[in-house]
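This is what each chain is made of:
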There are 2 protein chains.
Amino acid sequence: MTEITPGFDFAVSIDCVLFGFDGSELKILLIERNEEPFKDWWALPGNLVNKEESVDQSAQRILKELTGLSDIYMEQYYAFGEVNRHPQGRVISVAYYAMLRLGGEKPLKPLSSYAKKAQWINVADLPKLAFDHQHILNKGLEKIKRRIKHLPLAFELLPEKFTLTQVQSVYELILGKKLDKRNFRKKILSFKVLKELEEKQRGVSFRAATLYKFDKRKYNKLFGKEISF
Amino acid sequence: MTEITPGFDFAVSIDCVLFGFDGSELKILLIERNEEPFKDWWALPGNLVNKEESVDQSAQRILKELTGLSDIYMEQYYAFGEVNRHPQGRVISVAYYAMLRLGGEKPLKPLSSYAKKAQWINVADLPKLAFDHQHILNKGLEKIKRRIKHLPLAFELLPEKFTLTQVQSVYELILGKKLDKRNFRKKILSFKVLKELEEKQRGVSFRAATLYKFDKRKYNKLFGKEISF
DNA sequence: ATTACTTAGTGTAAAAAATACACGTTATAT
DNA sequence: ATATAACGTGTATTTTTTACACTAAGTAAT
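Residues numbered from 1 in each chain as written. Chains lettered and ligands numbered in written order. Predicted model: local features only at pLDDT ≥ 70, side-chain atom pairs only at ≥ 80, totals over all residues. Heavy atoms only, no water.

S.K.: Would you explain the interface of chain A and chain B in this entry?
M.R.: Reports of interface size often rely on the accessible area that becomes lost once the parts have come together. Counting residues at the interface gives 40 residues for chain A, matched by 40 residues for chain B. Between chain A and chain B, the buried area comes to about 3,600 Å², and carbon and sulfur atoms account for 57% of it. Interface area lost by chain A to chain B is led by A:Phe8, A:Phe10 and A:Lys51, which between them contribute 19%. At the junction of chain A and chain B, the tally comes to 1 salt bridge. With a shortest N-O distance of 3.9 Å, B:Glu226 and A:Lys149 are connected by a salt bridge. Those elements giving two or more residues to the side of chain A that touches chain B turn out to be strand 1 (11-21), helix 1 (55-67), strand 5 (75-80), strand 6 (91-101) and helix 2 (133-147) of chain A. In terms of residue class, the side of chain A that touches chain B is built from 18 nonpolar, 9 polar and 13 charged. (Contact = heavy atoms within 4.5 Å. Buried area = accessible area lost by both parts, 1.4 Å probe. Salt bridge = Lys/Arg side-chain N within 4 Å of Asp/Glu carboxyl O. Helix = DSSP H or I, 4+ residues; strand = E, 2+ residues; numbered from the N terminus. Nonpolar A, V, L, I, M, F, W, Y, C, P; charged D, E, K, R; others polar.)

Next up, the structure:
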């Protein structure tokens with residue numbers, strides 16, 4: 001057994017997989033890199049962890065610097081540690097995901113010159129990505145496919161007030177299959193975590209649907225009980 | 001925005017949470033440390049990743065060095081990255097778990113002087129652990145509680161041939177609750193991934209139970225279908 | 001105002017799965 | 001022979017899942 005004494009010569013990076021929903025398409029937040037390596041390539045928002053911050057804190061900072069977004073709760077899902085995943089040295093990347101409602105309000109403005117721009121890009125229509133980011137993204141998609149069956153991720157993608165058809169669209173997009181409308185409604189209402197509002201949808205051609213809100217209070221009370229799609 | 005250029009000054013470590021089942025108790029594999037910091041403390045088998053190995057490879061190597069165990073498939077489940085989790089510098093730890101059948105065959109012999117010894121210790125009766133290892137272990141337990149509902153982890157804990165009562169014990173131990181015998185059997189047999197053998201249990205006082213094998217072939221065919229406890 | 005269009009919203013019957021529940025059987029040990 | 005302790009089994013009830021199609025309501029165009 002050869003004993004190589006390992007030193008403190010690794011870098012640790014964060015990569016953020018942000019899913020967004022604009023009412024019809026599932027999107028991912030990408031940046032266009034302004035630095036080598038992979039200058040001018042599209043990439044997940046990501047950068048190196050600083051020594052005086054935890055990886056969770058780092059994820060928040062990096063997301064903000066590269067996209068301008070702050071206070072986004074992200075969940076860690078995997079650490080990528082292949083030897084040659086970064087051309088400039090040994091970098092372990094810790095990946096996070098989050099779900100985000102889109103709708104213009106949140107500005108996308110990189111604060112760091114590290115990114116030329118940040119942009120929501122349709123998952124179904126992705127460019128070639130830097131590093132192993134396609135792989136990181138694929139693994140993120142797998143994770144949320146599993147987790148959306150048990151966790152209320154869908155409501156993080158939706159605006160505060162939403163219609164049941166919108167909820168169904170999110171599930172269909174993420175799971176990649178069509179669901180029966182009546183059965184879907186029966187099931188999602190059976191969890192009793194949606195509050196029906198007096199209000200109706202506005203600004204649509206054709207019949208307006210009833211709006212609902214996600215009731216976090218009631219959801220938290222469910223804890224322990226499994227919900228399942 | 002202060003730009004600190006981060007250097008390659010992190011270390012990355014692996015910690016292994018190995019669950020073992022001896023027929024009645026759920027155990028964890030711990031080592032007694034022979035090095036500072038936390039010399040003489042109990043700890044999860046863990047050490048630093050070398051620069052020329054992936055984190056997955058590293059997990060295999062480290063497990064072998066500290067416990068003598070090789071060819072154990074481990075699954076990564078979380079990266080721990082608090083700033084002060086290691087007293088001697090900035091160390092990010094990537095945690096892995098595995099499930100293991102116990103039964104004396106596998107020798108526990110640290111090959112490295114880093115560990116004085118390795119030992120299976122009852123989960124219900126743990127000593128104080130080094131670093132944040134208690135936290136890492138707790139998170140590992142949570143993970144397997146969730147995953148055993150959908151993945152055939154139980155059979156990794158059991159000998160090749162096992163009785164249905166043993167399978168039930170494993171589920172009860174990990175889930176932390178009693179299950180109904182007839183319903184459990186009905187359900188687990190309904191997945192059709194257990195092969196009933198001609199053979200019966202031997203060396204027990206009282207009536208011997210029929211032995212079963214896990215049929216990996218059939219299990220792999222199930223893929224896509226969710227199995228669920 | 002009529003019409004055409006599009007999405008909203010609803011119920012039921014059948015099948016499948018989950019649950020609750022108790023006793024005769026069988027191998028061993030004395 | 002008997003006592004022991006775990007083995008192995010079935011049914012009725014409830015709950016959940018699935019499959020399936022039409023009317024209602026609002027908008028837009030003529």
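Moving on from the coordinates now.
S.K.: What exactly am I supposed to notice about the environment of B:Arg33 here?
M.R.: Structurally, B:Arg33 can be placed in strand 2 (residues 26-33). Those residues in contact with B:Arg33, other than ones at most four positions away along the chain, are B:Phe38, B:Lys39, B:Asp40, B:Trp41, B:Ala43, B:Tyr114, B:Lys116, B:Ala130 and B:Phe131.

S.K.: Looking at this structure, I do not really get the nonpolar core. What am I missing?
M.R.: Among soluble globular proteins, nonpolar side chains are generally buried collectively. Core analysis: the largest hydrophobic core is formed by 59 residues, its most contacted members being A:Ile14, A:Leu18, A:Met74, B:Ile14, B:Leu18 and B:Met74. Contact partners of A:Met74, with chain neighbours within four places excluded, come to A:Cys16, A:Leu18, A:Ala59, A:Gln60, A:Leu63, A:Tyr96, A:Tyr97 and A:Ala98. A:Phe19, A:Trp42, A:Ala95 and A:Val123 belong to the second-largest nonpolar core, a separate cluster that totals 43 residues. (Core = buried A, V, L, I, M, F, W, Y, C linked by side-chain atoms within 4.5 Å. Buried < 20%, exposed > 50% of the residue type's maximum accessible area, 1.4 Å probe, protein only.)

S.K.: When you look at helix 4 (residues 164-175) of chain B in this model, what are you seeing that I'm missing?
M.R.: At 3.6 residues per turn, the α-helix brings residues three or four places apart onto the same side. With 12 residues, helix 4 of chain B extends 16 Å from end C-alpha to end C-alpha; this agrees with the ideal 16 Å at 1.5 Å per step. Taken from the residues just after helix 4 of chain B, B:Gly176 is the one with a positive phi, measuring 75 degrees. (Expected span 1.5 Å × (residues − 1).)

S.K.: I'm lost on the relation of the copies chain A and chain B in this one. Help?
M.R.: Two copies of a chain can be linked by a rotation about an axis combined with a shift along that same axis. Each copy superposes on the other: chain A lies on chain B with an RMSD of 0.1 Å after a rotation of 180 degrees and an axial shift of 0.0 Å. Put plainly, the chains are arranged around a two-fold axis. When the interface residues of chain A are mapped onto chain B, 100% of them again lie at the interface, so the same face is used by both copies. (Least-squares fit on C-alpha atoms with pLDDT ≥ 70 in both.)

S.K.: Explanation requested: the protein's contact with DNA strand D in the structure shown.
M.R.: Around DNA strand D, the surrounding shell holds 18 residues, and the nearest of these are A:Lys186, A:Phe206, B:Lys181, B:Arg207 and B:Thr210. For DNA strand D, the fraction of atoms within 4 Å of the protein that belong to sugar or phosphate moieties is 38%. The contact in question runs from a base nitrogen of DNA strand D to an N or O atom on the side chain of A:Asp180, over 3.5 Å. Side-chain polar atom of A:Asn183 to a base nitrogen of DNA strand D: 3.0 Å apart, as the coordinates give it. Elements that contribute at least two residues to the surface near DNA strand D include exactly helix 5 (181-190) of chain A together with helix 5 (181-190) of chain B. (Near = heavy atom within 4 Å. Polar contact = N/O pair within 3.5 Å; in protein donor to acceptor, adjacent residues only side chain to side chain.)

S.K.: Help me understand unusual backbone geometry, please; the structure alone is not making it clear to me.
M.R.: For residues other than glycine, phi is negative in most cases, and the peptide bonds are mostly trans. The residue after A:Glu36, namely A:Pro37, is reached through a cis peptide bond having omega -5 degrees. Relative to the helices and strands, A:Pro37 is located in the loop between strand 2 (26-33) and strand 3 (42-43). Despite not being glycine, B:Phe38 has its phi angle at roughly 65 degrees, a positive value. For B:Phe38, the position within the fold is in the loop between strand 2 and strand 3 (42-43). The class for B:Phe38 is partly exposed, based on a relative accessible area of 23%. If you check the backbone angles, B:Asp40 has positive phi at about 75 degrees while not being a glycine. You can see B:Asp40 is positioned in the loop between strand 2 and strand 3.

S.K.: So what exactly am I meant to see when it comes to helix 1 (residues 55-67) of chain B here?
M.R.: Residue and element names in this part refer to chain B. Compared with the 18 Å implied by 1.5 Å per residue over 13 residues, the 18 Å span of helix 1 between its first and last C-alpha is a close match. Turning to helix 1, its buried residues are Val55, Ser58, Ala59, Arg61, Ile62, Leu63, Glu65, Leu66 and Thr67. Trailing helix 1 by a residue or two, Gly68 shows a phi angle of about 85 degrees, which is positive.

S.K.: For this particular structure, what's the right way to read the packing of aromatic side chains?
M.R.: The description of an aromatic ring pair rests on the distance of the ring centres and on the angle between the ring planes. Residue and element names in this part refer to chain A. In total, this model carries 22 aromatic pairs over all chains according to the counting rule given. Three or more aromatic residues joined by ring pairs make a cluster, and in this case those are Phe155, Phe162, Phe214 and Tyr219. A cation over a ring is seen here: Lys187 above Phe229, with NZ or CZ 5.6 Å from the ring centre. (Phe/Tyr/Trp six-rings, centres within 6.5 Å; stacked < 30°, edge-to-face > 60°. Lys NZ or Arg CZ within 6 Å of the ring centre and 35° of its normal.)

S.K.: How should the packing of helix 4 (residues 164-175) of chain A against helix 5 of chain A be read in this particular structure?
M.R.: Helix packing for two helices is described by the angle between their axes and how far apart those axes are. Residues and elements named next belong to chain A. Look at helix 4 against helix 5: their axes get within 11 Å of each other, and the N-to-C directions meet at 100 degrees. Judged on the interaxial angle alone, helix 5 and helix 4 are roughly perpendicular. Side by side, helix 4 and helix 5 meet where Leu164, Thr165, Val167, Gln168 and Tyr171 of the first sit next to Lys181, Phe184, Arg185, Ile188 and Leu189 of the second. Looking at the contact of helix 4 with helix 5, its residues break down into 6 nonpolar, 2 polar and 2 charged. (Axes fitted to C-alpha atoms, helices over the stretch in contact; angles between N-to-C directions. Parallel < 35°, antiparallel > 145°, perpendicular 65-115°, else oblique.)

Scope: geometric values only; no functional claims are made or implied.
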